[in-house]
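# Commentary on secondary and tertiary structure
These are the residues of each chain, in order.
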Amino acid sequence: MGLGIETRHQIARRAALEIGRGMIVNLGIGIPTLVADYIPGNYGVMLHTENGILGMGGSPPPGKEDGNLSNAGGYPVTLISGASYFDSAMAFGIIRRGLLDITVLGALEVSEQGDIANWIVPGKRVPGMGGAIDLAQKSKKVIVLMNHSDKEGNPKIVKNCKLPLTVKRGANMIITEKAVIDIVDEKLVLREVMHPHSVEEVVESTGAPLEIRNEVVTFQ
């Protein structure tokens, strides 16, 4: 079952709290694109896209879209002061040099070791994996935003991924509609639950053991 718009924005709001002043950040397609709208304008954060922008802003007001200005997913965006354009070679050079502080991306599965599968379901046609491999390998911190379960109710956070991997041990944090989970020393550590869910519900719907090391707070 897909997530409602309010839930998607709740996940994006929580992810934005991980972004600090002056960081260089890449936002993937889907829920991650919403994060741009929750980064304070005075933080000096420079959003990077694989299609060649450094300094992407949030979504434009309705009717103010520029047909020549979009993020890597093709959705209209704005620019902040100091933004620059470049070709894809430069865009990927920034990624591969390890200059990104945070990458926020979606996933189909994440394992307790931090393995990420996010590019293909066998038997289904896809355009390709894009920049996910480079982003997940080279960013200083990788945050995965996704549904806690798939359409059939099966866990997407698992002991071992069954789908083809994008990267091994790439994820540092997972944020779903139910929880905020850190991946520490190849173990899942429950940090927060998302309102209105409970710790018991999160544990039951997760396909791998969850450790609770500190008080678990609720994110509204």
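See the structure printed just above.
What comes next concerns the included structure. (Residues numbered from 1 in each chain as written. Predicted model: local features only at pLDDT ≥ 70, side-chain atom pairs only at ≥ 80, totals over all residues. Heavy atoms only, no water.)

## Regarding the side chain of D182
- Relative to the elements of secondary structure, D182 occurs in strand β11 (residues 179-184).
- Within the structure, the side chain of D182 is placed 3.1 Å from the side chain of R191, a separation counted as a polar contact.
- Each residue touching D182, except ones within four places of it in the same chain, is listed here: N172, M173, K187, L188, V189 and R191. (Helix = DSSP H or I, 4+ residues; strand = E, 2+ residues; numbered from the N terminus. Polar contact = N/O pair within 3.5 Å; in protein donor to acceptor, adjacent residues only side chain to side chain. Contact = heavy atoms within 4.5 Å.)

## Quick notes on the pairing of strand β3 (residues 53-56)
- With three bridges connecting them, strand β2 (residues 46-49) and β3 associate as antiparallel partners. Counted as the bridge partner of L47 is M56 from β3.
- Joining the antiparallel neighbours β2 and β3 is a turn of three residues, in which G52 adopts a positive phi near 105°.
- Strand direction decides the pairing type here: β3 and strand β4 (residues 79-85), joined by three bridges, are antiparallel. Its bridge partner lying in β4, I53 is registered against Y85. (Pairing = 2+ DSSP bridges.)

## Some thoughts on unusual backbone geometry
- For the peptide bond that leads from H195 to P196, omega is 10°, which places it in the cis range.
- Relative to the assigned elements, P196 resides in the loop between β12 (187-194) and α5 (199-204).
- Positioned with a positive phi, R169 is a non-glycine residue whose angle comes to about 50°.
- Looking at where R169 falls in the secondary structure, it is placed in the loop between β9 (157-158) and β10 (173-175).

## A word on the sheet that holds strand β6 (residues 109-111)
- Spatial ordering of the open sheet is given by β7-β6-β9, a layout of three strands whose pairing is mixed. The sheet terminates laterally at β7 (116-117) and β9, the two strands that pair on one side only.
- Alignment of β6 against β9, held across two bridges, turns out to be parallel. Counterpart to V110 in the pairing with β9 is I157.

## Looking at the nonpolar core
- One finds L27, V35, L47, L145 and I175 to be the most contacted residues of the largest nonpolar core, which totals 28 residues.
- Those elements that place two or more of their residues in this core are α1 (5-16), β1 (24-27), α2 (31-34), β3, β5 (102-105), β8 (141-145) and β10.
- Setting aside anything within four residues of it in sequence, one finds L27 in contact with P32, T33, V35, A36, L47, H48, M56 and V104.
- Within the second largest apolar cluster, 22 residues are counted, among which are L105, V110, V193 and V202. (Core = buried A, V, L, I, M, F, W, Y, C linked by side-chain atoms within 4.5 Å. Buried < 20%, exposed > 50% of the residue type's maximum accessible area, 1.4 Å probe, protein only.)

## What to know about the side chain of N26
- Mapped onto the fold, N26 is located in strand β1.
- Once residues lying within four places of it in the same chain are set aside, the contact partners of N26 are H48, T49, E50, L100, I102, T103, V104 and L135.

## A word on the pattern of salt bridges
- Throughout the structure, instances matching the rule amount to 12 salt bridges.
- We note a salt bridge from E211 to K187, for which the minimum N-O separation is 3.7 Å. Here the residue E211 occupies a position in strand β13 (residues 210-211), and K187 occupies one in strand β12, the gap between them amounting to 24 residues.
- The residue E211 makes a salt bridge to R213 at a minimum N-O spacing of 2.8 Å. (Salt bridge = Lys/Arg side-chain N within 4 Å of Asp/Glu carboxyl O.)

## Looking at the environment of Y38
- Inspection of the secondary structure puts Y38 in the loop between α2 and β2.
- Along the primary structure Y38 and D185 are separated by 147 residues, whereas in three dimensions their C-alpha atoms are 30 Å apart.
- Excluding residues within four positions of it along the chain, Y38 makes contact with H9, A12, R13 and A16.
- Within the structure, the side chain of Y38 is placed 2.8 Å from the side chain of H9, a separation counted as a polar contact.

## Section: helix α3 (residues 88-96)
- Every buried residue of α3 is listed here: A91, F92, I94 and I95. Along the long axis of α3, the arc covered by the buried residues comes to 150°, so they all point the same way.
- Where α3 is buried, its residues touch β2 and α4 (132-138).
- Count one or two residues on from α3 and you reach G98, which has phi positive near 75°. (Arc of directions from axis to C-beta.)

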